[in-house]
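# Breakdown of the fold
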Amino acid sequence: MLETDKVFAGSIPENYDRYMVPLIFKPFAVDLARRAAALAPGAILEIAAGTGVVTRVLAPKLSAGASYIVTDLNQPMLDYAASRQGPDSRIQWHQADAMALPFEDGAFDLVCCQFGAMFFPDRVSAYREAKRVLKPGGHFLFNVWDRIEENLFANDVTNALAEMFPNDPPRFLARTPHGYHDPALIRSELEEAGFSHVVIETRAEQSRASSSRIPAVAYCQGTLLRNEIEAREAGKLEAATDHAASVIADRHGSGEVTAKIQAHVIVAVA
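These remarks concern the structure in this document. Everything numeric in this text was worked out from a predicted model, so none of it was measured. (Residues numbered from 1 in each chain as written. Predicted model: local features only at pLDDT ≥ 70, side-chain atom pairs only at ≥ 80, totals over all residues. Heavy atoms only, no water.)

### Focus: the overall build of the protein chain
Using the following cut-off: Each helix is a run of H or I in the DSSP string that is no shorter than four residues. Each strand is a run of E no shorter than two, and both are numbered from the N terminus. Within these notes, the globule rule equals 2.2 Å times the number of residues to the 0.38 power, and the radius of gyration is based on C-alpha atoms. Accessibility here uses a 1.4 Å probe with only protein chains present; expressed as a share of the type maximum, an area under 20% marks a residue as buried, one over 50% as exposed, and anything in between as partly exposed. We call two residues in contact whenever any of their non-hydrogen atoms come within 4.5 Å of each other. Throughout, the Shrake-Rupley method with a 1.4 Å probe supplies accessible areas, and for residues the shown protein chains are the sole cover considered.
Counting secondary structure elements, the protein chain contains 10 helices and 7 strands. Radius of gyration (C-alpha) of the protein chain: 18 Å, near the 18 Å computed for a compact globule of 270 residues. With respect to the three principal axes, the spread of C-alpha positions in the protein chain is 50 × 40 × 30 Å. For the protein chain, the residues scored as buried account for 55% of the 270 residues in total. Here the analysis covers contacts within the protein chain between residues at least 6 apart in sequence; of these, 81% occur between residues at least 24 apart. Working note: accessible area of the protein chain is about 10900 Å², and carbon and sulfur atoms make up 48% of it.

### Thoughts on the side chain of Ser 207
Quick note on the threshold: Counted as a polar contact is a pair of N or O atoms within 3.5 Å, where, for protein atoms, one must be capable of donating a hydrogen and the other of accepting one, and residues adjacent in sequence contribute only when both atoms are in side chains.
Structurally, Ser 207 is set in strand β6 (residues 196-209). Given the relative accessible area of 0%, Ser 207 is considered buried. For Ser 207, the side chain forms a polar contact with the main-chain oxygen of Leu 23, separated by 2.8 Å. Non-local contacts of Ser 207, meaning those with residues more than four positions away in its chain, are made with Leu 23, Ile 24, Phe 153, Val 257, Thr 258, Ala 259 and Ile 261.

### Regarding the pairing of strand β5 (residues 134-145)
The condition is simple: By this definition, two strands are paired if DSSP reports at least two bridges between them. A crossover gets the label right-handed when its path from the first strand over the helix to the second runs clockwise, viewed with the strands pointing away from the viewer.
Examined bridge by bridge, strand β4 (residues 108-114) and β5 share 6 bridges and lie parallel to one another. Counterpart to Cys 112 in the pairing with β5 is Leu 141. Between β4 and its parallel partner β5, the chain crosses via helix α4 (residues 123-133), and the hand of that crossover is right-handed. With 7 bridges connecting them, β5 and strand β7 (residues 257-269) associate as antiparallel partners.

### Some points on the pairing of β7
Where burial is concerned, most of β7 is hidden: 10 out of the 13 residues are buried. With 12 bridges joining them, β6 and β7 adopt antiparallel strand pairing. Directly across from Val 199, in β7, lies its bridge partner Val 267.

### Some words on the packing of helix α5 (residues 152-164) against helix α8 (residues 213-221)
To keep it simple, the criterion reads: In this analysis an axis means a line fitted to C-alpha atoms, helices contributing only their contacting stretch, and an angle means the value between N-to-C directions, from 0 to 180 degrees. Put simply, angles under 35 degrees are roughly parallel, angles over 145 are roughly antiparallel, angles from 65 to 115 are roughly perpendicular, and the rest are oblique. Should the near helix be turned anticlockwise from the far one by less than a right angle, the crossing is left-handed, and should it be turned clockwise, the crossing is right-handed.
At a minimum axis separation of 10 Å, α5 and α8 run at an interaxial angle of 70 degrees. What the angle tells us is that α5 and α8 run roughly perpendicular. Remark: the crossing between α5 and α8 carries right-handed chirality. In this structure, α5 contributes Phe 153, Ala 154 and Val 157 to the contact, and α8 contributes Pro 215, Tyr 219 and Cys 220.

### Some words on helix α3 (residues 75-84)
Two residues of an α-helix separated by three or four positions point the same way, owing to the 3.6 residues in each turn. Where we set the bar: Note that the arc is defined by the directions from the helix axis to the C-beta atoms.
For α3, the set of buried residues is Met 77, Leu 78 and Ala 81. For α3, the buried positions fall inside an angular range of 95 degrees around the axis, keeping them on one side.

### Quick notes on the sheet that holds β7
One open sheet holds the 7 strands; their spatial order is β3-β2-β1-β4-β5-β7-β6, and the pairing between them is mixed. On the outer flanks of this sheet lie β3 (91-95) and β6, each paired with one strand and no other. Each strand axis lies, on average, 20 degrees off the axis of its neighbour in the sheet, ignoring direction. Against the sheet, α4 contacts β1 (43-46), β4 and β5, and its axis sits at roughly 145 degrees relative to β5.

### Observations regarding the packing of aromatic side chains
Put simply, the rule reads: Pairing of aromatic side chains here covers Phe, Tyr and the six-membered ring of Trp, requires ring centres within 6.5 Å, and sorts the geometry by plane angle: under 30 degrees stacked, over 60 edge-to-face, intermediate tilted.
Counted according to the given criterion, the structure contains 11 aromatic pairs. Ring centres of Phe 25 and Phe 115 lie 5.6 Å apart, and the angle between their planes is 50 degrees; this geometry places the pair in the tilted category. Of this pair, Phe 25 sits in helix α1 (residues 12-38) while Phe 115 sits in the loop between β4 and α4, and the two are 90 residues apart along the sequence. Of the two residues examined, Phe 25 and Phe 115, each falls in the buried class. Arranged with centres 5.6 Å apart and planes meeting at 40 degrees, the rings of Tyr 127 and Phe 142 form a pair that is tilted. Here the residue Tyr 127 occupies a position in helix α4, and Phe 142 occupies one in strand β5, the gap between them amounting to 15 residues.

Spelled out as structure tokens, the structure:
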């Protein structure tokens, strides 16, 4: 992962929430929130919360006495998440690095993370931090994307941009969001960090959009892929988005489009 793969700023948070969340994140947020609520946690820490889609789904499912600390490395993402959340005295917002969590040992029953582990520069160290702040027997619940070939819109966009920039194709989606998909590696890194009873489930969902342009805008302008496109050639963002939309339309149709998305859902015991 490149250092630039971690900085969500400018208009990216708004476009991310407007386009990416309904396109690919909402179905898995519903799933993660259901699993989290079933554990009946009293003290919850969410790391790499992004624009807060899990927070919005999970908070109503928690008990009245629960405490819920929501964190992200990127303050602009966290600010946007807080702006989307209704008043709730149970929720606290903290900018925090998963590599060095500013919380006491054994403070939480549950640590959850939606599609953030792929961005950790040292995953074993981040997992050790998650284990440190969990009570003995507490749960670490998170998900990661499967390989890009199992996530069709992301693969389509990546292939479209490779056609447009053949000498230096933007590879952010394959490199980082879809770059941590080997269940054996995930299990071994969790066990190295001290977790036990690791369960990994592969789950497929459907990504839906009203037109082929929606996933093109989502990926090209609502993720860090935008920075890579603009770095290749100034002023090419719209042309790149248009080309990605054309490729998606050729494969999935010009009206409403549907495609497979797939992820691994992991739960481990501290």
